[in-house]
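These are the residues of each chain, in order.
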Amino acid sequence: MTADSERPGSAGSPSAPEGAGAGEPEAASRRRRSPWARFVALPAGLRITSYVAVVLVLVLVALTTTGVVLVRRSFPQTSGTVEVTGIDGPVEVLRDAAGIPQVYADSTEDLMFAQGYVSAQERFYEMDVRRHATAGRLAELFGEDALASDLAVRTLGWRRVAEAELPLLAPETRVALDAYAKGVNEYLDGRPTSRISLEYVVLGAGGLDYSPEPWTSVDSLAWLKAMAWDLRGNMTDEIDRVLAIDAVGRERAEELYPAYDYRASDPIVTQGAVIDDVFEQDASAGGTRNPKRPPTGPALDRDRREVATSLAAVSSVDSLGQGVGRMPAWLGEGDGLGSNAWVVSGDHTDSGAPLLAADPHLGVSAPGPWLQVGLHCRSISAACPYDVAGYSFSGVPGVIVGHNASIAWGFSNLGADVSDLYVERITDGTARRGRQEAAVRERQETVEVEGGDDVTITVRTTDHGPIVSDVDEALSLVADAAPLKGRQRFGSGAGQEYAVSLSWTGFTPSPTADAILGLNRAGGWDAFRQALSSFAAPAQNVVYADRDGHIGYQATGLAPIRKSGNDGRLPSAGWRAENDWTGEFVPFDGLPSVLDPDGGVVVAANQAVAERDYPYFLTGDWDHGYRAERISSLLEAALVPTDSDSSGTVSLEEMTAMQLDDRTPLGPVLTPYLLDVELPSGYFSAGQRLLQGWDFGQPAGSAAAAYFNAVWRNLLELTFHDELPEALWPDGGQRWVAVVTELLEDPVDLYWDDVGTEDRETRDMIIERALRDARDELTSRQAVRAVEWTWGGLHELDLRSQPLGEWGNGAERALFNRGDRDVGGGPTSVNATAWDAASGYEVSTAPSMRMVVSLDGGDGLDRSRWINLTGVSGHAFDAHYTDQTERWLDGRTLPWPFSEDAVRDAAQDTLVLRPASGS
């Protein structure tokens, strides 16, 4: 290996290999027992002293020249030539001022090898943590803090499903996965962990003796399982509904889950119908309804009540779902996730070519979830068909979201209900299914725990899926106390029990990886749809545009067809056959799809997908469409000719600005009620006066937004905390906006009453208390003078490294976390920076990236713009760790060069990977 230089600012060139690396046999490269085990066995006082000593050493080293060298040792080489084994010809990696790599090669194998090599250069620690997480092996690195997550993942069996998916993939996908893995392993070969990432140095200082295993194709597939879980749908809602019913009764619980209002928010697709299981965009609505769609009515309501009663025993358990239902946010955020994606035809743009925008909303972290990359075959052929750029996941070959030379695509979460919980009736290792008994399958899983004893569990699986109550204390209480119909006949003797299992489409091995690479190669609408037909999980909305001027939309993913007894809203009795899935999924051709729709605009922001007469059941829990309606209204306003713009078209710059819109839809609904309350002049009315003339925007510097959101949080607390268990306290997101919007119309609804007082509170009394409490809170948190308050001072973005930024000590968090940035927006704004009203104002999910693609002819794609939440690098002190964050905060974007001339003009570093002599 030869090297001319590393990334600017790094120290020197690579030294000779130190220690064992990934090139060793697998048995030798696995984690070995280390002094850490002896360290944690020390008496508490000595252990703390030793731990402090480790931290002090790290801090002292970081302040010395040696420390600077140590920090930079893992920085990637970005210039010069490196001889590698595993490629047939030279590969160029060009990096621009933001460090974004663009790769040029002559074959698919060399191209994907280079992507793997570059991903490992920039993000291998992140990749390594991800594969440990998806295999249920985090405790090998991080000890007991990770054990609960590992036990949940082992029970879910993500890696087992990924292993089953590998043989299902197309040959060209296997080629890409294998080449990617070879590139990762070439980078690791003989490289000590201190030259891979600083995190390994910190873990080693704590006593961990570890060398990474070689990367495999299954490692790549397993991360796709984690993302599918992250966006899985309403599993926790099933339990939350039960808690709500138990706490306030069925009728009042329904108030907390208002139905989607089709009059207030249009679905994504407003034309077409399903004819003979095929969605026809030009057909008239009113086609044959699918007889397998779950019905509603008294019989189903009775079954729901029965299950609700059976689960009431857990109403006091505030940690419900901590084991499986709510895993660590960085592994599966679940609630609060969404995305904006929209596309406008050339009839409505200033260039005459389509524009496509996307900004997926995911959990915030450092580094962020996306790695920007370009993958270019020097000559397009069957042997090398890729010319694509966009956002990839580190560890996965290809581009997930972006564009190629012909088409562009963007994702938003479909929100389909793809999971169901079942209460199982088990006797001596068999589960009741109708009139028969089915064997409960078992397997042993052993988790190695750094600094502790190995933990072995028995994972049990029914025909519905894994028994999740075995690793979830709250769900085990559900199982043990279930007084369902037939309990008397079933009894409670030895060998008899109740348990809770999970059905999820993600357990079905599927070739989703084929879809990703198929999108990368697609040259038009038909190829785009063909690729998406393999996309199984997570279920997604996909917007489309091409350079021939077409725009479109396709829903994709597996959505189960349920039998008549199950609508997915509550856990079901697993022994009743009418509650099962049919074993079939909504056919891909039956999912909503449209090419060049009427009106020339598609907006997909998690609202309902199709009109209410769509025959297949997808979910009963759509996002209420506030972001979708705002985007649509902004586009409508832009397309109206004015004196300053007679064209009535939208530009790329206007599309970019729309992604930053921070208006709250709750503002015009709630503010009139806040202004109607009479407060004493002076101290208490000072905050209220900020709302007079407020435009409902939420920029970081807004005092009015700070006060409004503080009132909102206090209003939710005063209204709901007295009656709902802590697990159900409102997060303030889109569902709660819909709940309170309806509640405001009834000033004496029971929710307004505080059950902890003798008085009967009304709406106006609670609003007045919220106004006063918000004033006191902001005075305590920020300033006495109301005009000095700022929304960003409450609503801060803290980028945490995962998982050291969560589980590490203070020094480790300081090394890897980047925080305390003031942010505007809110959960229901287009600029969807969500926060959880039950816990505070800190940003929990946000636009993880933003892109606007111009589909102009010629070199028009070079006009496109993009930005990442953090940066390309996963190295904490690298210049590109969070170098895009300030631009992201300011609403700025980066140029997105795509043509080779533009890429070479923007390049600041060029690394050449050359076949090693004799290889």
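So, here's what we can say about the structure. (Residues numbered from 1 in each chain as written. Predicted model: local features only at pLDDT ≥ 70, side-chain atom pairs only at ≥ 80, totals over all residues. Heavy atoms only, no water.)

### Some points on the state of the cysteines
Thought 1: For the structure shown, the criterion picks out 1 disulfide.
Thought 2: One disulfide in the model links C377 with C384; its S-S distance is 2.0 Å. Between C377 and C384 the sulfur-sulfur dihedral comes to about -85°; the bridge is accordingly left-handed. Just as C377 is buried, C384 falls in that class too. (Disulfide = S-S within 2.5 Å. Buried < 20%, exposed > 50% of the residue type's maximum accessible area, 1.4 Å probe, protein only.)

### Quick notes on the pattern of salt bridges
Thought 1: A complete count under the given rule lists 48 salt bridges for this structure.
Thought 2: Between R159 and E163 there is a salt bridge, with the nearest N and O atoms lying 3.8 Å from each other. With R159 and E163 both in helix α8 (residues 158-165), this residue pair falls 4 residues apart, about one helical turn.
Thought 3: Residue R159 is classed as partly exposed on the basis of its relative accessible area of 23%.
Thought 4: Judged by relative accessible area, E163 falls into the partly exposed class, the value being 43%.
Thought 5: Close ionic contact of E788 with R785 constitutes a salt bridge, the shortest N to O distance being 3.0 Å. (Salt bridge = Lys/Arg side-chain N within 4 Å of Asp/Glu carboxyl O. Helix = DSSP H or I, 4+ residues; strand = E, 2+ residues; numbered from the N terminus.)

### Focus: the packing of aromatic side chains
Thought 1: Within this structure, the stated rule accounts for 29 aromatic pairs.
Thought 2: Connected via pairs of aromatic rings, a cluster forms that spans W370, Y391, F393, W866 and W896.
Thought 3: Seen from the ring of Y751, R252 lies directly overhead, with NZ or CZ sitting 4.1 Å from the centre.
Thought 4: Here the guanidinium or amino end of R772 rests over the ring plane of F684, the centre of that ring lying 4.6 Å away. (Phe/Tyr/Trp six-rings, centres within 6.5 Å; stacked < 30°, edge-to-face > 60°. Lys NZ or Arg CZ within 6 Å of the ring centre and 35° of its normal.)

### Digging into the sheet that holds strand β3 (residues 101-105)
Thought 1: With respect to topology, 11 strands assemble into an open sheet ordered β1-β32-β2-β3-β8-β9-β10-β11-β18-β19-β23, the strand pairing being mixed. The sheet is open, and its two edges are formed by β1 (80-84) and β23 (593-595), each paired on a single side. Direction aside, neighbouring strands of the sheet carry axes that sit 15° apart on average.
Thought 2: For strand β11 (residues 407-413) and strand β18 (residues 540-546), the ladder comprises 7 bridges, and the chain directions are antiparallel. Directly across from G410, in β18, lies its bridge partner V543.
Thought 3: Across the sheet, helix α17 (residues 512-521) lies against β9 (387-392), β10 (401-404) and β11, angled at about 145° from β11, the strand it touches most. (Pairing = 2+ DSSP bridges. Axes fitted to C-alpha atoms, helices over the stretch in contact; angles between N-to-C directions. Contact = heavy atoms within 4.5 Å.)

### Re helix α11 (residues 217-230)
Thought 1: Relative to the 20 Å expected for 14 residues at 1.5 Å per residue, α11 spans 21 Å between its end C-alpha atoms, a close match to the ideal helical length.
Thought 2: Burial of α11 is extensive: 14 of the 14 residues sit out of reach of the surface. (Expected span 1.5 Å × (residues − 1).)

### Observations concerning the environment of Y841
Thought 1: Within the secondary structure, Y841 sits in the loop between β27 (834-835) and β28 (843-847).
Thought 2: With 45 residues separating them in the primary sequence, Y841 and E796 have C-alpha atoms 7.2 Å apart.
Thought 3: Apart from residues lying up to four places away in sequence, Y841 is in contact with N709, A710, R713, E777, R781, W791, L794, H795, E796 and W835.
Thought 4: Looking at Y841, its side chain comes within polar contact range of the side chain of E777, at 2.9 Å. (Polar contact = N/O pair within 3.5 Å; in protein donor to acceptor, adjacent residues only side chain to side chain.)

### Quick notes on empty space enclosed by the protein
If a probe as big as a water molecule is rolled over the atoms, it shows which places are left empty.
Thought 1: What the rule picks out here adds up to 14 cavities of 30 Å³ or more.
Thought 2: Counted as a void, the largest cavity has a volume near 240 Å³.
Thought 3: Residue lining of the largest cavity: 20 residues in total, with L231, F393, I400, P538 and Q540 positioned closest to the centre.
Thought 4: Those elements giving two or more residues to the lining of the largest cavity turn out to be α11, β6 (338-344), β7 (355-363), β11 and α17.
Thought 5: The element best represented in the lining of the largest cavity is α11, accounting for 3 residues.
Thought 6: Its residues assigned to classes, the lining of the largest cavity shows 15 nonpolar, 5 polar and no charged. (1 Å grid on protein atoms, 1.4 Å probe; cavity = no way out; pocket = protein on both sides within 12 Å on 5 of 7 lines; lining within 4 Å. Points joined across faces, edges and corners; volume = space filled by probe spheres on them. Nonpolar A, V, L, I, M, F, W, Y, C, P; charged D, E, K, R; others polar.)

### Observations regarding a negative patch on the surface
Thought 1: Negative charge collects at one region of the surface, where D276, D277, E280, D282 and D598 lie side by side.
Thought 2: Relative to the helices and strands, D282 resides in the loop between β5 (278-280) and α14 (298-310).
Thought 3: What makes D282 exposed here is its relative accessible area of 70%. (Patch = residues over 30% accessible without salt bridge, like charges linked within 9 Å, V, L, I, M, F, W, Y side chains within 5 Å. Areas by Shrake-Rupley, 256 points an atom, 1.4 Å probe, with all protein chains shown as cover. Lys, Arg positive; Asp, Glu negative; His and termini not counted. Charge placed at Lys NZ, Arg CZ, Asp CG, Glu CD.)

### Looking at unusual backbone geometry
Thought 1: Of note, the amide linkage connecting A537 to P538 takes the cis form, showing an omega dihedral of 0°.
Thought 2: In this structure, P538 sits in the loop between α18 (525-532) and β18.
Thought 3: With an omega of 0°, the peptide bond running from Q802 to P803 counts as cis.
Thought 4: Relative to the helices and strands, P803 resides in the loop between β25 (796-799) and α27 (804-807).
Thought 5: At D277, a position not held by glycine, the phi torsion is positive, near 70°.
Thought 6: Structurally, D277 can be placed in the loop between β4 (273-275) and β5.
Thought 7: On the basis of relative accessibility, which here comes to 43%, the residue D277 falls in the partly exposed class.
Thought 8: In this model, N606 sits at a positive phi of 75°, which is unusual for a non-glycine residue.
Thought 9: As for its placement among the helices and strands, N606 is situated in the loop between β24 (601-604) and α19 (626-638).
Thought 10: The buried category is assigned to N606, whose relative accessible area is 7%.

### Thoughts on the environment of I380
Thought 1: Following the sequence through the fold, I380 ends up in the loop between β8 (371-377) and β9.
Thought 2: Residues I380 and S107 lie 273 residues apart in sequence; the distance between their C-alpha atoms is 9.2 Å.
Thought 3: With residues up to four places along the chain from it excluded, the contact list for I380 reads P385, Y386 and D387.

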